[in-house]
Number of protein chains: 2
Amino acid sequence: MVPHLVTALNGPLLDLEKKILAATPAIERWFRLEWQEHTPPFYCSVDLRNAGFKLAPVDTNLFPGGFNNLSPEMLPLAVQAAMAAIEKYCPDAKNLLLIPERHTRNVFYLQNVARLIQIFRQTGLNVRLGSLSEDVKEPTNIDLPDGSTLTLEPLERSANGRRLGLKNFDPCTILLNNDLSSGIPKVLEGLHEQNLLPPLHAGWAVRRKTNHFAAYDEVVKKFAKMIDIDGWMLNPYFARCGEINFHERTGEDCLASNVDTLLTKIRKKYKEYGIKETPFVIVKADAGTYGMGIMTVRDASEVRDLNRKQRNKMAVVKEGLEVSDVIIQEGVHTFERINDAVAEPVVYMIDRYVVGGFYRVHAERGVDENLNSPGAHFVPLAFAQQHALPDLQAKPGTAAPNRFYMYGVVARMALLAASLELEKTDPNPEIY
Amino acid sequence: MVPHLVTALNGPLLDLEKKILAATPAIERWFRLEWQEHTPPFYCSVDLRNAGFKLAPVDTNLFPGGFNNLSPEMLPLAVQAAMAAIEKYCPDAKNLLLIPERHTRNVFYLQNVARLIQIFRQTGLNVRLGSLSEDVKEPTNIDLPDGSTLTLEPLERSANGRRLGLKNFDPCTILLNNDLSSGIPKVLEGLHEQNLLPPLHAGWAVRRKTNHFAAYDEVVKKFAKMIDIDGWMLNPYFARCGEINFHERTGEDCLASNVDTLLTKIRKKYKEYGIKETPFVIVKADAGTYGMGIMTVRDASEVRDLNRKQRNKMAVVKEGLEVSDVIIQEGVHTFERINDAVAEPVVYMIDRYVVGGFYRVHAERGVDENLNSPGAHFVPLAFAQQHALPDLQAKPGTAAPNRFYMYGVVARMALLAASLELEKTDPNPEIY
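Residues numbered from 1 in each chain as written. Chains lettered and ligands numbered in written order. Predicted model: local features only at pLDDT ≥ 70, side-chain atom pairs only at ≥ 80, totals over all residues. Heavy atoms only, no water.

### Points about the environment of Ala56(A)
Residues and elements named next belong to chain A.
Working step 1: Its place among the elements puts Ala56 in strand E3 (residues 55–61).
Working step 2: Through-space distance from the C-alpha of Ala56 to that of Val410 is 7.1 Å; in sequence the pair is 354 residues apart.
Working step 3: Leave out the neighbours within four places in its chain, and Ala56 touches Asp47, Leu48, Arg49, Leu234, Asn235, Pro236 and Val332. (Helix = DSSP H or I, 4+ residues; strand = E, 2+ residues; numbered from the N terminus. Contact = heavy atoms within 4.5 Å.)

Next up, the structure:
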C-alpha cells in the first residue's frame, strides 16, 4: 500500500504542470530531436525538489544505485530500455561486465547490484561482477538476505593488455556502477576496444557539478522558450568557488560574497512571485556525491563562522576526497510530504527512457535540508500509479500520473544536460 | 482480480520452457542480431495455441485490434516501444494519421482505436483519424462509453497529389489499423513521401498466410537448431490449395489429399511423443482474417461432404472477399483453461518489443475449435503478473512470468517471420 501523497502545490507549479501536459507533443518531439544529436548517458538518476512554486533537479547521478527501490512492476520497462541501450553500443554483445562500488557490505547497495544484474540478464546478457577492490583476489561470494548470492571476481587485463575482463570472460561492454570518487583506477585506463560506460570522465575524479548545471542552464533556456515559461521555475541559480581550503579557512571571502549575491537574486525572484519562504543556498563539493560535504546556508555570515566540526564535515567527501571547489546552489524547499515526512522524488532513467522513480522519505529532516545524508535512514517509496499514463482532463495537481510525467520531463532535461556536459568535458572529443 | 490459470502442461512443453529460459541470453542476442538485418513490422499481435505438448502461433495480425484489452499497467511499455518505432521512421514527426477499420459501430474496436491514440499521443504525436469510408464527408464524432469522443475525418490528397492527410493536417507517418481486406483503396496508392505503415502489401488484399508460415518455417529451423529442440514443438505443419471454388465444388481433391497427408504426418509425430489426442487440421482462407472461413477437419472425407451451409461459410471472408486459396494447417489443441473455459493467449508487440498480452477466453468452445469467430463473445483477460520478470529458479510450469516469457519468444518468432515475409513479398524491394 502506498500512503497518500500530500503536496503543497500552489499557483505557479500548477500552471507549470498544465503547460507541460499541454505541450507534451512539442516536448516529446524536442527530446526526440535532441537525442538524434546527443547520446544519452547509459543510465542516470535525478534527485528532484518540488517547492510547489519551483521544481528542480538538484543532483544528477551517472552511476545510480537504488534500482532495487523501483517497484517490480516497472522492471519490464527497465529491461526494454536496457535492450535499446545495449543495441546501440554493442548489438552482438554476449557478455556484460558490471563493476560495482567497493563498499560491498552495504546490503541495500548490494540489492541494487542484484537488481541491475537481473535487468541486464533479461536483456539477454551474461552478467558478471568485477571488483576494483584489491581484497578480491579470487571469486568471492556474498550472500543476500533473499537467499541469493553475488559473486565478485578479480579484474584481469588481457594478455596484450588491450581488453578488460574476468577469468574466461571477455565482455563487449563494461558497465561502471562505481562513481570513481577515489580517482581513476589504472586497470580501467586505455580501454579502446571495449565500451566503457559511462566514460571515465563521468566519474567524480573528473566530473564537476558546475559543468553539469551550466549545461542544464542551456537546456532550460531552450525548454523555457519552447513552452513559454520563466526558466527559473525549473532551474536553481548557482555559482562556483575554487581554491577553497576549509581546514586552512582560505576562500571564505569568495564563498561569502557568492552566497550573498545568490541570496539577493533569490529574494528578488521570491518577491516577484510573492513567495513567503526564507531563501537559502546549499554549499556542496563541486566533485563528489553521497550527501557528504553539504551545508544549508541562510545568510552569508554563516560561512564565515564555521566551527571546527562544520569545517571538517565540509572538507572531505566520499573516499576521503579533499574538497577544494564548491558549488553554491539556490536551495529548493521540499514541500512534498507523505504523511508528515518530507519526501524528495528520485527519477530513474536508462538510455533516454524514464523507467521509474521513488520518494526518498525522511521524517526527521526539515524542508530545506539535504535528505541524502550518510547514515540517514530514508524510506524508498516507489511512485504510486507511475504506470498510468498522464490524463490531460484531470484537474491540475490532482493526478499522480500527471505529476510523474512532469517529474519525468524535468529529469530528462537533467539527463540531456548530462549528455551535453559529457560531450564538453570529453578529454578525447575526436572519438565521437 | 485474475482467475487462476489451469494449464495442462505435460512433459515436452515443460522441457521446452526450461530450455527456453536457460537459453535466454542466446535467444535475446539472436533476436538482437536478426533485428539488425530485418525491420520488424510496426506493430503485430500473435494468436498462440498451447497444447501442452506443443506451442505455436496460429495467426499473425499486422493490423492488430484489441489494444484496449491489454492491462493499463502495460501502457508505459507500449509508449516506450512506440517511441522507439517512431524514432526509426520519422524522428522529427509531429503528426500521425491513423486510419482505422471502416466498421465503426463496433464499440470494442473503437476502444482499441482510442487506446492507440492514447499511446501515440503520449509519444508526443498529434494523432488524428482519417476514414476510408465514403460516408465520412466531414469531421464526424463518435461517442464512446467512457464519455470520450473519436473524430473521424475525410482523407485528402495534397494539391500535387503526392501526400495524404486531412484538412490542415499533414502527417509524416500514416498508420493503418485497417487490414485492407476489401482491396487497396486508390487514396492510399502512390505515397512515396510519407511513411505508410504497415506497407500496403501487408494488407489481406495481397498478403497470404502460406507466405507467412513458410517464413516461420525458416525462423523455427534456426531457432530449433540454436536451442536443440524439435522444431515441430513450435511449428504447425501446413499445406496450400489454390483454385478452390467452394460454390462450384472445384478443388476438393487437392483439399482432401492435403488434409490426408497432413493428418498422416501429425499422427506420426503424435506417436513419436506418445500423444493420445485426436489429430485435426484447420482449413482456412489463405488471405483474410476475422475468423471467417475457418473449418476444423479430423478426416479427409469431411471436406468432400460439405453441405451448402458449410460451403457458403467457407466461400467468403470479411468484406465479401471470395476465397480461392486455402491454407490447411495442423490444428493445435488449446489446453489452457481459466476455470472451465478454453483460453487462447494473444501477444501484442510494437516494433520489436512485447508490450503485453491477454487470454481470449471462450466458455462454449472446444479445445480444437477456433476461438476468434465472428460474433463470438470472448472475455479478454490481461495476462496476470505479466510485468514480473522470468524466474529461472522457479519449478518449470509453475511461474506465470516464465510462461509469458516463452509466449513472448514464440510471438517474436512469428514477428520475425512477418518481417521476412514482408521483405520477400515486397513489390518494390529496391526501396529497402
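Having seen it, we continue.
### Here we look at helix H3 (residues 75–89) of chain A
Working step 1: The end-to-end C-alpha separation of H3(A) is 21 Å, in line with the 21 Å expected for 15 residues at 1.5 Å each.
Working step 2: Most of H3(A) is tucked away: 13 of the 15 residues are buried. (Expected span 1.5 Å × (residues − 1). Buried < 20%, exposed > 50% of the residue type's maximum accessible area, 1.4 Å probe, protein only.)

### Let's talk about the sheet that holds strand E7 (residues 149–154) of chain B
Residue and element names in this part refer to chain B.
Working step 1: Taken in spatial order, the six strands of this open sheet run E6-E7-E5-E4-E10-E11, and their pairing is mixed. One side of each edge strand has no neighbouring strand; the edge strands of this open sheet are strand E6 (140–143) and strand E11 (195–197). The sheet shows a mean angle of 30° between the axes of neighbouring strands, direction not considered.
Working step 2: For E6 and E7, the ladder comprises four bridges, and the chain directions are antiparallel. Counterpart to Asn141 in the pairing with E7 is Thr151.
Working step 3: Running at roughly 165° to strand E4 (residues 95–100), helix H4 (residues 107–122) makes contact with E4, strand E5 (126–131), E6, E7 and strand E10 (173–177) of the sheet. (Pairing = 2+ DSSP bridges. Axes fitted to C-alpha atoms, helices over the stretch in contact; angles between N-to-C directions.)

### A closer look at the state of the cysteines
Working step 1: In total, this model carries four disulfides over all chains according to the counting rule given.
Working step 2: One disulfide bridge connects Cys90(A) with Cys172(A), the sulfur atoms lying 1.4 Å from each other. In this structure the cystine formed by Cys90(A) and Cys172(A) twists about its S-S bond by roughly 115°; its chirality is therefore right-handed. On the criterion of sequence distance, the pair formed by Cys90(A) in the loop between H3 and strand E4 (95–100) and Cys172(A) in the loop between strand E9 (164–165) and strand E10 (173–177) is long-range, its members being 82 residues apart.
Working step 3: Across the disulfide from Cys241(B) sits Cys254(B); the S-S distance is 2.2 Å. (Disulfide = S-S within 2.5 Å.)

### Remarks on the nonpolar core
Across soluble globular proteins, nonpolar side chains have a tendency to be buried as a group.
Working step 1: Phe67(A), Phe67(B) and Phe120(B) are the most contacted members of the largest nonpolar core, which has 84 residues in total.
Working step 2: Not counting the four nearest positions on each side in its chain, Phe67(B) is found in contact with Tyr43(B), Asn112(B), Arg115(B), Leu116(B), Ile119(B), Tyr348(B), Ile350(B) and Val355(B). (Core = buried A, V, L, I, M, F, W, Y, C linked by side-chain atoms within 4.5 Å.)

### Re the side chain of Asn235(B)
Working step 1: Here Asn235(B) shows up in the loop between helix H5 (209–227) and strand E12 (238–241).
Working step 2: Its relative accessible area of 10% is what places Asn235(B) among the buried residues.

### What about a negative patch on the surface?
Working step 1: Taken together, the side chains of Asp260(B), Asp299(B), Glu302(B) and Asp305(B) present a region of like negative charge at the surface.
Working step 2: With respect to the helices and strands, Asp260(B) occurs in helix H6 (residues 252–272). (Patch = residues over 30% accessible without salt bridge, like charges linked within 9 Å, V, L, I, M, F, W, Y side chains within 5 Å. Areas by Shrake-Rupley, 256 points an atom, 1.4 Å probe, with all protein chains shown as cover. Salt bridge = Lys/Arg side-chain N within 4 Å of Asp/Glu carboxyl O. Lys, Arg positive; Asp, Glu negative; His and termini not counted. Charge placed at Lys NZ, Arg CZ, Asp CG, Glu CD.)

### A look at the packing of helix H3 (residues 75–89) of chain B against H4(B)
Residues and elements named next belong to chain B.
Working step 1: Between H3 and H4, the shortest axis-to-axis distance is 8 Å and the interhelical angle comes to 60°. Classed by the angle they form, the pair H3 and H4 counts as oblique. Regarding H3 and H4, the two cross each other, and that crossing is right-handed. Counted together, Leu75, Ala78, Val79, Ala82 and Met83 of H3 and Arg115, Gln118, Ile119, Phe120 and Gln122 of H4 form the full contact between these two elements.
Working step 2: Within the contact of H3 with H4, the residues separate by chemical class into seven nonpolar, two polar and one charged. (Parallel < 35°, antiparallel > 145°, perpendicular 65-115°, else oblique. Left-handed = near helix turned anticlockwise from the far one by under 90°. Nonpolar A, V, L, I, M, F, W, Y, C, P; charged D, E, K, R; others polar.)

### What to know about the pairing of E4(A)
Residue and element names in this part refer to chain A.
Working step 1: Extensive coverage of E4 is indicated by the burial of six of its six residues.
Working step 2: Of the two faces of E4, the one lined by Asn95, Leu97 and Ile99 and the one lined by Leu96, Leu98 and Pro100 are each fully buried.
Working step 3: Strand direction decides the pairing type here: E4 and strand E5 (residues 126–131), joined by four bridges, are parallel. Residue pairing in the sheet places Leu96 in a bridge with Val127 of E5.
Working step 4: Crossover connection from E4 via helix H4 (residues 107–122) to parallel E5: handedness right-handed.
Working step 5: Strand direction decides the pairing type here: E4 and E10, joined by five bridges, are parallel. Bridging across to E10, Pro100 finds its partner in Asn177. (Right-handed = clockwise from strand over helix to strand, strands pointing away.)

### So, the interface of chain A and chain B
Working step 1: Listed as interface residues are 39 residues of chain A and, on the opposing side, 39 residues of chain B.
Working step 2: Taken over both partners, the interface formed by chain A and chain B buries close to 3500 Å², and the fraction arising from carbon and sulfur atoms is 56%.
Working step 3: Considering only the surface of chain A that becomes buried against chain B, Arg32(A), Gln80(A) and Leu389(A) emerge as the three largest contributors, covering 21% of it.
Working step 4: At the surface where chain A touches chain B, the tally comes to two salt bridges.
Working step 5: Two residues, Glu87(B) and Arg352(A), come together in a salt bridge whose shortest N-O distance is 2.3 Å.
Working step 6: Between the two partners, chain A and chain B, sit 12 residue pairs in polar contact (both at pLDDT 80 or more).
Working step 7: Elements with a minimum of two residues in the side of chain A that touches chain B: helix H2 (24–37), H3, H4, strand E18 (353–362) and helix H8 (400–424) of chain A.
Working step 8: Considering each element in turn, the side of chain A that touches chain B owes the most residues, 10 residues, to H3(A).
Working step 9: Along the lines of polarity and charge, the residues of the side of chain A that touches chain B split into 20 nonpolar, nine polar and 10 charged. (Buried area = accessible area lost by both parts, 1.4 Å probe. Polar contact = N/O pair within 3.5 Å; in protein donor to acceptor, adjacent residues only side chain to side chain.)

### Looking at the relation of the copies chain A and chain B
Working step 1: For the match of chain A to chain B, the screw axis carries a shift of 0.0 Å, the RMSD comes to 0.0 Å, and the turn is 180°. A rotation of that kind, with that shift, is consistent with a two-fold axis. No C-alpha of chain A approaches the rotation axis more nearly than that of Leu77(A), which lies at 2.8 Å.
Working step 2: The overlap is high: 100% of the interface residues of chain A also sit at the interface in chain B, so the same surface is used on both sides. (Least-squares fit on C-alpha atoms with pLDDT ≥ 70 in both.)

### Some points on the packing of helix H2 (residues 24–37) of chain B against helix H9 (residues 400–424) of chain B
Each pair of packed helices gets described by two things: the angle between the helix axes and the distance between those axes.
All names here are of chain B.
Working step 1: Contact geometry for H2 and H9: axes closest at 11 Å, N-to-C directions at 20°. Our classification of the angle between H2 and H9 gives roughly parallel. Considering only the axes of H2 and H9, their crossing is left-handed. Residues Thr24, Ile27, Glu28, Trp30, Phe31, Glu34, Trp35 and Glu37 of H2 form the contact with H9, whose own contacting residues are Tyr405, Val409, Arg412, Met413, Leu415, Leu416, Ser419 and Glu423.
Working step 2: Class assignment of the residues belonging to the contact of H2 with H9 gives a composition of nine nonpolar, two polar and five charged.

Take it as geometry only, folks, not as evidence of what the structure does.
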